[in-house]
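Listed below are the residues making up each chain.
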Amino acid sequence: MKLSTKGRYGLKAMVDLTVAYGRGYVSIATLAQQQGISYLEQLIASLKKAGLVESVRGAQGGYALSRKPEDIDVGEVLRALEGSTSVMDCVDVNGAGCGNACSCSARPLWLKPQKRIDEVLDTTTLA
């Protein structure tokens, strides 16, 4: 699995929101400055759509985690940003990305590392 820039920066923004958890909302400008990027709004929009962050408008507004950091796992964040954490199309949801998933002799091989990756991502929380 190779993470895109979207996945890497989005996960870093979620870590920044974790550090600020319980201390109010963080502006997009502050997050962007901490990350050194300017297009964070698109990433935050994906995270908000997935229900991982919430926002408040206004001078004291910004973004915050929608749940406690220990209740948000890394897999959930990356799937919201990347769409999938699959190493190969054939191990994506029921092999839907591969027309040969049912007959592929190598698929069991690819399922093993995919299972381990998913275990790590789904058991590692932002906390």
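Residues numbered from 1 in each chain as written. Predicted model: local features only at pLDDT ≥ 70, side-chain atom pairs only at ≥ 80, totals over all residues. Heavy atoms only, no water.

Novice: Explain the nonpolar core to me, please; I cannot follow it from the model alone.
Specialist: Note that soluble globular proteins tend to have their nonpolar side chains buried in a common cluster. With 23 residues, the main nonpolar core has Met 14, Leu 17, Ile 44, Leu 47 and Val 77 as its most contacted residues. The residues touching Leu 17, leaving out its near neighbours within four places in the chain, are Val 26, Leu 31, Val 53, Tyr 63, Ala 64 and Leu 65. (Core = buried A, V, L, I, M, F, W, Y, C linked by side-chain atoms within 4.5 Å. Buried < 20%, exposed > 50% of the residue type's maximum accessible area, 1.4 Å probe, protein only. Contact = heavy atoms within 4.5 Å.)

Novice: For this particular structure, what's the right way to read helix H1 (residues 5-19)?
Specialist: An α-helical segment advances 3.6 residues per turn. Residues three or four places apart therefore align on the same side. Given a rise of 1.5 Å per residue, 15 residues ought to cover 21 Å, and the 21 Å separating the end C-alpha atoms of H1 matches this to within 8%. Listed in full, the buried residues belonging to H1 are Gly 7, Gly 10, Leu 11, Ala 13, Met 14, Leu 17 and Thr 18. With its buried residues spanning 160° around the axis, H1 presents them on a single face. (Helix = DSSP H or I, 4+ residues; strand = E, 2+ residues; numbered from the N terminus. Expected span 1.5 Å × (residues − 1). Arc of directions from axis to C-beta.)

Novice: Even after reading the chapter, I still don't get the pattern of salt bridges, so can you show me in this structure?
Specialist: A side chain with one charge can pair with a side chain of the opposite charge if their charged atoms come near. Tallied over the entire structure, the rule returns four salt bridges. Of the charged contacts in the structure, one is a salt bridge between Arg 79 and Asp 122, with a shortest N-O distance of 2.9 Å. Of this pair, Arg 79 sits in helix H4 (residues 74-82) while Asp 122 sits in helix H5 (residues 107-123); the two residues are 43 residues apart in sequence, bridging distant segments of the chain. Accessibility expressed as a relative area gives 30% for Arg 79, which makes it partly exposed. Its relative accessible area of 35% is what places Asp 122 among the partly exposed residues. Between Arg 116 and Glu 119 there is a salt bridge whose closest N-O contact spans 4.0 Å. Of this pair, Arg 116 and Glu 119 both sit in helix H5, three residues apart, which is roughly one turn of the helix. (Salt bridge = Lys/Arg side-chain N within 4 Å of Asp/Glu carboxyl O.)

Novice: Help me understand the environment of Gly 22, please; the structure alone is not making it clear to me.
Specialist: Tracing the backbone shows Gly 22 in the loop between H1 and helix H2 (28-35). Taking the C-alpha atoms as reference points, Gly 22 and Lys 68, separated by 46 residues in sequence, lie 8.9 Å from one another.

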